[in-house]
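Commentary on secondary and tertiary structure
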Amino acid sequence: MSKLISAVGLTLDTAYQNISDQEMSQLIEMAITKGAFQKRDSLFAGKNINQSENRAALHPALRNVSGDAMLVDGVDVMPLVKGVWQRIEGFCNQLIGITDVICLGIGGSDWGPRLVCDALHQINPQDGKAIRLHFVANVDSAELATALSKAQPRSTRVIITSKTFTTLETIRNAQTVINWLKANQVSASQVKKCLIGVTANPTAAEEFGIAPENIYPFWDWVGGRFSVWSAVGFPIAIKYGFKTFKEFLSGAHAMDQHFVSAPAAENMPLILALTLIHNQQKHQITAKAIVPYAHALRFLPEWLQQLEMESHGKSVTNDGSSCDPTSPVVFGSAGSNSQHSYFQMLHQGNQIIPVDFIAIKEPMSDLPEAKEHHQSLIANCLAQAQALANGSKEEFAYDSCPGGRPSNLIWVDRLDAYHLGALLALYEHRALCLGAIWNLNSFDQPGVELGKKLAKPIQSALKGDNPTLDGIDSITASRIKWLNT
Ligand code: F6P
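Thresholds applied
- Residues numbered from 1 in each chain as written.
- Predicted model: local features only at pLDDT ≥ 70, side-chain atom pairs only at ≥ 80, totals over all residues.
- Heavy atoms only, no water.
- Domains from an automatic or database assignment.
- Contact = heavy atoms within 4.5 Å.
- Buried area = accessible area lost by both parts, 1.4 Å probe.
- Salt bridge = Lys/Arg side-chain N within 4 Å of Asp/Glu carboxyl O.
- Polar contact = N/O pair within 3.5 Å; in protein donor to acceptor, adjacent residues only side chain to side chain.
- Helix = DSSP H or I, 4+ residues; strand = E, 2+ residues; numbered from the N terminus.
- Nonpolar A, V, L, I, M, F, W, Y, C, P; charged D, E, K, R; others polar.
- Phe/Tyr/Trp six-rings, centres within 6.5 Å; stacked < 30°, edge-to-face > 60°.
- Buried < 20%, exposed > 50% of the residue type's maximum accessible area, 1.4 Å probe, protein only.
- Pairing = 2+ DSSP bridges.
- Axes fitted to C-alpha atoms, helices over the stretch in contact; angles between N-to-C directions.
- Expected span 1.5 Å × (residues − 1).
- Arc of directions from axis to C-beta.

A closer look at the domain arrangement of the protein
For the protein, the assigned domains are domain 1 (4-55 + 251-438), domain 2 (59-246) and domain 3 (447-484). Taken over C-alpha atoms, the centre of domain 1 sits 29 Å from the centre of domain 2. Between domain 1 and domain 2, the residue contacts involve 31 residues of the former and 28 residues of the latter. For the domain 1 and domain 2 pair, buried surface summed over both sides reaches about 2,600 Å², with 63% attributable to carbon and sulfur atoms. Ranking the residues of domain 1 by area buried against domain 2 places His 253, Phe 299 and Glu 428 at the top, with a combined share of 21%. Taken together, the connections running from domain 1 to domain 2 amount to 5 salt bridges. A salt bridge links Asp 220 to Arg 55, with the nearest nitrogen and oxygen atoms 3.9 Å apart. Our count for the contact surface shared by domain 1 and domain 2 stands at 9 residue pairs in polar contact (both at pLDDT 80 or more). Elements supplying a minimum of two residues to the side of domain 1 that touches domain 2: helix H2 (36-44), helix H11 (242-261), helix H13 (300-312) and helix H16 (417-438). Across the side of domain 1 that touches domain 2, the residue classes break down as 15 nonpolar, 8 polar and 8 charged.

Here is the structure:
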């Protein structure tokens, strides 16, 4: 079986996984038996695969540049999708006089556009319009204050992105931005004009004060962490043009077509998922590193952390039984920087932590020395994979590297919007395959609710509105008292 799979300008090289043909055949059979392809077909058919929330997960419709019908509950959603494309394109054609766009959102309403806009900027800092984008996610006012210090209030637009339009961080930040605009002599009617809402809850957006004509919808069948392809990706279109946004969608659509049509042994998302399952079965791994050897992909590990750990950081299956193992801890950062921090552990630590190396074939800047830089970068990437796999035997045990540490290498022909779209879609579909194998709902995140609920009485107590500290346990209560002394 080939250790190389190429599709949509990406090549997955699994040679250092040390998986025999027989082992891979067994893994494929297991995945098919567990319904990986059934789940894929249900995804594309718009079936209710998000069972706990009784919804479809049809993010491929958002990048269906073919325009062919895609159905949810028997209704073609493409007219809705195309309608939003037209509005975004129209907005992008009338950007005169805007200097700054403040992009408020968190989690899936932030990571996707933040990653893509940063990547396109790193690829070519001269690219894109002269508009400054400021992404703000944290409710820590420090992040917002930094953004506001760089923006000109009278020529700013504010995109408030929230699927639910109830998320504490985003709503708090939005209120503060509105105060900042007003404090800077922007009239109430002008404030209303400059606020844009991107949401699946237009009623809440309107109640918040967004003009209906400034609301760009997406829909409950779009999972937050799968939403960059929707109007959530608006900042990409604003900064880099609608054409570039469409290229991003096209790359993802091409990966969709590959996922739907490639036979199992040549199906990149499936094989990528199966390398992880193999590492769990053979090495009992509990962590996994994502190391892009490209500064432009420095936010990819964070985006993937949400995709992987919010989707599969779970231990109860769809039918209520327990499941172990599920998602490993996902972490990572750009190479070669990462070699100078946690790579020591990857080479000699007690645990085996498999790595996905991602490398770009072409140099990443137009500096005269870019070729030499790129050779150093690629040499290091290839050397790390080799060292992990083969190890070394030295005179002293503490100098030796045990080897036998698996990794994937994903080559990207060229880093641009199209290939970025393909890469993100590859990981989305890998997640779908893993969810099927583990029998987990990849599209809900009930575990994040408890902490949000507990924060409410604590916040009241911090304000002085909950003097008896109701709903707060004794340890937290003593922390609040300490803070207030
Ligand atoms: O708290 C988790 C979460 O619900 C994520 O799943 C989501 O991406 C993020 O919060 C933001 O949610 P929203 O888009 O509704 O503001």
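Thoughts on the side chain of Ser 109
When you line up the elements, Ser 109 lands in the loop between strand S5 (100-104) and helix H5 (111-123). Other than its neighbours up to four places away in sequence, Ser 109 contacts Thr 161, Ser 162, Lys 163 and Val 232.

Here's the deal with the packing of aromatic side chains
Per the stated rule, a full pass over the model turns up 14 aromatic pairs. A centroid spacing of 5.8 Å and a plane angle of 65 degrees characterise the contact between Phe 165 and Phe 208, whose relative ring orientation is edge-to-face. You can see Phe 165 sitting in the loop between strand S7 (156-161) and helix H7 (168-183) and its partner Phe 208 sitting in helix H9 (residues 202-208), a full 43 residues away along the chain. Relative to Phe 343, the ring of Tyr 342 has its centre 5.6 Å away and its plane inclined at 40 degrees; by these criteria the two rings are tilted. A single burial state applies to Tyr 342 and to Phe 343, both of which are buried.

Considerations on H2
Within H2, 7 of the 9 residues are buried, leaving the element largely enclosed by the surrounding structure. Restricting attention to buried positions, one finds in H2 the residues Ala 36, Phe 37, Lys 39, Arg 40, Ser 42, Leu 43 and Phe 44. Two residues or fewer past H2, Gly 46 is found with a positive phi of approximately 70 degrees.

What about the sheet that holds strand S8 (residues 195-199)?
Reading across from one edge, S6-S5-S7-S8-S9 is the order of the 5 strands in this open sheet, with parallel pairing throughout. Two strands close off the open sheet at either side, each with one partner strand: strand S6 (132-136) and strand S9 (215-217). The sheet shows a mean angle of 20 degrees between the axes of neighbouring strands, taken without regard to direction. The sheet contact formed by S5 and S6 spans 5 bridges and is parallel. Looking at S6, one finds that Ile 102 is bridged to His 134. Docked against the sheet, helix H6 (residues 141-150) engages S5 and S6, running at close to 165 degrees with respect to S6.

Thoughts on unusual backbone geometry
Cis geometry is found at the peptide bond from Asp 324 to Pro 325, where omega equals 0 degrees. Within the secondary structure, Pro 325 sits in the loop between H13 and strand S11 (329-332). Looking along the chain, the bond that leaves Gly 335 and enters Ser 336 is cis, with omega of 10 degrees. Looking at the secondary structure, you find Ser 336 in the loop between S11 and helix H14 (343-348). The backbone of Phe 165 sits at a positive phi, close to 55 degrees, despite the residue not being glycine.

A few points about helix H4 (residues 78-92)
Between the first and last C-alpha of H4 there are 21 Å, a value that for 15 residues agrees with the 21 Å anticipated at 1.5 Å per step. Listed in full, the buried residues belonging to H4 are Met 78, Val 81, Val 84, Trp 85, Ile 88, Phe 91 and Cys 92. Buried residues of H4 fall within an arc of 150 degrees about the axis and therefore sit on the same side. Exposed residues lying more than 90 degrees from the buried face of H4 are Pro 79 and Gln 86. On the buried face of H4, the contacting elements are helix H3 (59-62), strand S4 (75-76), S8, S9, helix H10 (234-240) and H11.

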